[in-house]
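Overview (structure and organization)
Take a look at the letters that make up each chain.
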Amino acid sequence: MTAERYNARESEPRWQATWDQKAIFASKNDDPRPKYYVLEMFPYPSGRIHIGHVRNYTLGDVLARFMRARGYNVLHPMGWDAFGLPAENAAIERKVAPKAWTYDNIAAMKKQLRSIGLSLDWSREFATCDPSYYKHQQKMFLDMLAAGLAEREKRKLNWDPVDMTVLANEQVIDGRGWRSGAVVEQREMSQWVFKITKYAQELLDALDGLDRWPDKVRLMQRNWIGRSEGVLIRFALDPATTPAGESELKIFTTRPDTLFGAKFMAISADHPLAQAAAAKNPKLAEFIADIKKIGTAQSIIDTAEKQGFDTGIKAVHPFDPSWKLPVYVANFVLMEYGTGAIFGCPAHDQRDLDFVNKYNLGNVPVVCPEGQDPKTFVITDVAYDGDGRMINSRFLDGMTIEAAKEEVAKRLESELRGNAPVGERQVNFRLRDWGISRQRYWGCPIPVIHCPKCDVVPVPDDQLPVTLPEDVSFDRPGNALDHHPTWKHVSCPKCGGKAVRETDTMDTFVDSSWYFARFTDPWNKDAPTTPAVANRMMPVDQYIGGVEHAILHLLYSRFFTRAMKATGHIDMSEPFAGMFTQGMVVHETYQKADGVWVTPAEVKIEVDGNARRAVLLATGEDVAIGPIEKMSKSKKNTVDPDDIIASYGADVARWFMLSDSPPDRDVIWSDERVQGAARFVQRLWRLVNESAEIAKAAPAARPGTFGPEAQALRKAAHGALDKVSSGIERLHFNVCLAHIREFANALAEVLAKSDKPAADVAWALKEAATILVQLVSPMMPHLAEECWVVLGQSGLVSEADWPQIERDLLVEDSVTLVVQVNGKKRGDVTVPRTAQNAEIEAAVLALDAVKAALDGKPVRKVIVVPMRIVNVVG
Ligand code: ANZ
Ligand code: ZN
């Protein structure tokens, strides 16, 4: 019997319409079943879905469909991370309003997402640029302001005078703005910050409890938070050497044990003492201006040559009043960390060593590694930061590093100068408060008003949202909100006098720091969340997204959830119970002789033996095959999801993405393998049709007993069911797909032999085909629906319960034992699980390998280790 080919193009839109009509993926908040919240990172509406989205959303969709079938109330929503710079660039370049551009893109991308067949609850959709969303964000900002979690802070920021905007450190290259090329100025500016540092310790500690997060992500967060334990030491300064009689320099060190190896002090160019000294010393002022030119990005500072300027100031060693240390201004000391000042111990810190080697200040090792002779141990070019015993350190000599740290801290804490101890233990974090002010139009307005009399006044609740004006122009650089003729001019809510609105908008990371909570009740007009609902539907059970968001987005979301807890919007601290980072979709690159990149669609690959050649379809010219890289517009190595779905169907794209690599690894897009997936779709379709034909002869009632053939098929079916079920739970999708293929082969074998099958085999075939269809339904939902109809099942497979596993079918009834002759492995033997020793012995001695190894010698003994080994002693 031959079934017609499965026609994805006809079938897929039909099933999508059916799912929509019946709204089967909408979850209800009053559903009494246990909830399961699956979320993929929501997309930025750039205009088109890319293949990475298809992978991300397919991974989540498989889990959502599976958990739904398992009886959970699954929440699987979708929305749009819709504020951001590209909309403003489109406005500048193409003269379209950011709002129109954004919503057009959303409409186009929503259509694309639908064509993938995702089981999403669209009734909860929102875009972060909807005033009905950002209204609540503004309210939470004000709540955080009242709770002391938002503050205004003066910060030195990189100001691009041409683009009229603040730049991140990474955007300053060689002292110039990355876009404008203008020399960047350091401007002290007030900006709004969220007090994430209040939670630094808690955000760190709670990582231990996130046991369904990848270790690498937790490690990245740990490093970002960057906790160090150390000592704050007040070094005395010789007032005769300081610009204005300053008498003290505070430094932070994590290595107080190395104090006797100190060779110099160094302060940041932004340190008040450096500024004061520079005011009296033009050469120093010039040096400071010079080192600031290289920019302030950490990566640059780490790699730049160490440079310093001796200020002439002298510091006094805390354990020896006669020991004076020179104070340098140095380019590797940052004002933002610790106190912006250090003591340098070159023998045990590489930066300090590079520094002294340049300025010939010498070094004294104070930690001697185990096994080295302290008398001959020297440091030349490589600092030693390992373990060891203290040397050259007076009262510390012979101690371990730990003991020496403790001893120094204790002594400095108990020694007073003035009324204060000379040293105190301190914990420092690398984490900084989160600056959220952006001089941008297309973002969430910060809802405050600046009044000359009353200072900062919150916008009253009943005036929220503060909406963005739509009549803006982008013909001048800078913030369009600020240029708007009327928008910012308001009267003060407190005194009624003339005042101006804040024209900075929020960092778009704020928008994505709570959207997951909003999804639990996006209909609430009065509050960001409905706490009873949010507390029930949150946390997200499985969050899925790219590793590029492993630090900031996840950390900000973890902070924001805590802030929402503190302000009464939710009653939990951690938003994501499970986190999964998926790999990228990568592809070969193709480049013409003139260096122009061309798309995979424009080339034909010719395979000649082992050699592969790429030619340009249009002209027949050779193009070079380049390395496999992340799909990107610049290298043109992209495939368009629309093209793939038009030629193969969404199910094939989904299947390919899931089958070819573990989900956390990169997957190489390969046309040949996509075609392989397409062939598998047709194969499944034939198998199900043939099974359905035979199933017509199957008895309605389950047979009382099953013969060996039916039993074997049932074992294959339930074995696959078991493995695929546990595989999906662990997101081992590629393994699941391998099991499905194996099971399909087993079914095909039985089918090939079953022209006129016995009743038990016919029944087992129908059961097996039904299970097969359910197993593929999370991955290829359209094909599965079509097969479901062919099998005569009622309803939709998308709504069907997951099949029950019959556990007694999972017990293996044979075991395989290793066979040894005189202790050496010679092969193995498979026997019934119930076999007695005599039966096993006979089977083993009959093996050719055993006979050969014995070489005619008599058997003295056979030792059977049950279920494991048989040793023949000859
Ligand atoms: C003396 C010393 C000796 C240090 C030694 C290290 C090794 P983490 O672990 O990142 O907290 N440091 C302190 N403030 C700094 C700043 N503003 N800019 C640059 N470096 C700074 O690093 C703490 C160590 O980094 C501190 O301990 C200090 O150098 C340096 F063998 O003090 B240490
Ligand atoms: Zn006022």
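Everything numeric here is computed off the predicted structure, so don't read it as measured data. (Residues numbered from 1 in each chain as written. Chains lettered and ligands numbered in written order. Predicted model: local features only at pLDDT ≥ 70, side-chain atom pairs only at ≥ 80, totals over all residues. Heavy atoms only, no water.)

Comments concerning the overall build of the chain
Scanning the chain from terminus to terminus reveals 26 helices and 37 strands. C-alpha extents for the chain along the principal axes are approximately 105 × 85 × 65 Å. Residues classed as buried in the chain amount to 53% of the 874 residues present. The long-range share in the chain, meaning contacts at least 24 apart out of those at least 6 apart in sequence, stands at 71%. For the chain, the exposed area adds up to about 39500 Å²; of that, 51% sits on carbon and sulfur atoms. (Helix = DSSP H or I, 4+ residues; strand = E, 2+ residues; numbered from the N terminus. Buried < 20%, exposed > 50% of the residue type's maximum accessible area, 1.4 Å probe, protein only. Contact = heavy atoms within 4.5 Å. Areas by Shrake-Rupley, 256 points an atom, 1.4 Å probe, with all protein chains shown as cover.)

A few points about helix α12 (residues 401–414)
Spanning 14 residues, α12 covers 20 Å between terminal C-alpha atoms, matching the ideal 20 Å at 1.5 Å per step. Every buried residue belonging to α12 is among Ile-401, Ala-404, Glu-407, Val-408, Ala-409 and Leu-412, and all of these are buried. On the buried face of α12, the contacting elements are β8 (227–237), β14 (367–368), β15 (389–390), β17 (420–421) and β18 (423–429). (Expected span 1.5 Å × (residues − 1).)

A closer look at the pairing of strand β30 (residues 603–608)
Pairing between β30 and strand β31 (residues 611–616): six bridges, direction antiparallel. When the bridges of β31 are listed, Glu-606 appears paired with Arg-613. Connecting β30 to the next strand, β31, in antiparallel fashion are two residues, including Gly-609 with a positive phi near 65°. (Pairing = 2+ DSSP bridges.)

Brief notes about the site of ligand 1
In the neighbourhood of ligand 1, 17 residues make up the surrounding shell, with Ser-228, Thr-253, Thr-254, Leu-334 and Tyr-337 lying closest. Measuring from an oxygen atom of ligand 1, one finds a side-chain N or O atom of Tyr-337 at 2.5 Å. Between an oxygen atom of ligand 1 and a side-chain N or O atom of Arg-351, the distance comes to 3.5 Å. Taking 650 Å² as the accessible area of ligand 1 by itself, protein coverage stands at 84%. When grouped by side-chain class, the residues that make up the shell around ligand 1 number eight nonpolar, six polar and three charged. (Near = heavy atom within 4 Å. Polar contact = N/O pair within 3.5 Å; in protein donor to acceptor, adjacent residues only side chain to side chain. Nonpolar A, V, L, I, M, F, W, Y, C, P; charged D, E, K, R; others polar.)

A word on the pattern of salt bridges
Pairing is possible between side chains that carry opposite charge, provided their charged atoms lie close to one another. Evaluation of the coordinates by the stated rule reveals 50 salt bridges. The shortest N-O distance in the salt bridge between Asp-507 and Arg-438 comes to 3.2 Å. In this pair, Asp-507 is assigned in the loop between β25 (505–506) and α14 (508–511) and Arg-438 in strand β20 (residues 437–438), connecting sequence segments 69 residues apart. Among the residues examined, Arg-438 registers a relative accessible area of 31% and is labelled partly exposed. (Salt bridge = Lys/Arg side-chain N within 4 Å of Asp/Glu carboxyl O.)

Some points on the sheet that holds strand β26 (residues 542–546)
What the four strands build is an open sheet, ordered β2-β1-β26-β27; its pairing is parallel. Two strands close off the open sheet at either side, each with one partner strand: β2 (73–75) and β27 (579–582). In this sheet, neighbouring strand axes are inclined to one another by 20° on average, regardless of whether the strands run parallel or antiparallel. In this structure, β26 lies alongside β27, joined through four bridges in parallel fashion. Bridging from a neighbouring strand, Gly-545 pairs with Thr-581 of β27. Against the sheet, helix α2 (residues 51–69) contacts β1 (35–40), β2, β26 and β27, and its axis sits at roughly 175° relative to β1. (Axes fitted to C-alpha atoms, helices over the stretch in contact; angles between N-to-C directions.)

Considering the nonpolar core
In this structure, Phe-141, Phe-194, Tyr-515, Trp-669, Ile-728 and Met-779 are the most contacted members of the largest nonpolar core, which totals 178 residues. Here this core gets twelve residues from one element, more than from any other, and that element is helix α23 (residues 759–776). In this structure Phe-141 touches Ala-150, Trp-192, Phe-194, Ile-436, Ile-446, Pro-447, Val-448 and Met-506, once residues within four positions along its chain are discounted. Residues Phe-235, Leu-249, Ala-269 and Val-422 belong to the second largest nonpolar core, which totals 40 residues. (Core = buried A, V, L, I, M, F, W, Y, C linked by side-chain atoms within 4.5 Å.)

Structural notes on helix α19 (residues 650–659)
A large share of α19 lies buried, amounting to nine of its ten residues. Among the residues making up α19, those that are buried are Ala-650, Asp-651, Val-652, Ala-653, Arg-654, Trp-655, Phe-656, Met-657 and Leu-658.

Here we look at the packing of aromatic side chains
Taken as a whole and judged by the stated rule, the model has 42 aromatic pairs. Their ring planes at 85° and their centres at 6.1 Å tell us that Phe-377 and Tyr-384 sit as a pair that is edge-to-face. We classify Tyr-384 as partly exposed; its relative accessible area is 22%. Seen from their ring centres, Trp-434 and Phe-559 are 6.3 Å apart, and the 75° between their planes marks the pair as edge-to-face. Taken together, the residues Trp-434 in strand β19 (residues 434–435) and Phe-559 in helix α17 (residues 552–566) connect sequence positions 125 residues apart. Since its relative accessible area comes to 2%, Trp-434 is described here as buried. A relative accessible area of 0% means that Phe-559 is categorised as buried. Put simply, the rings of Phe-42, Phe-126, Tyr-133, Trp-514, Tyr-515, Phe-516, Phe-519, Tyr-543 and Phe-576 pair up and form one aromatic cluster. (Phe/Tyr/Trp six-rings, centres within 6.5 Å; stacked < 30°, edge-to-face > 60°.)

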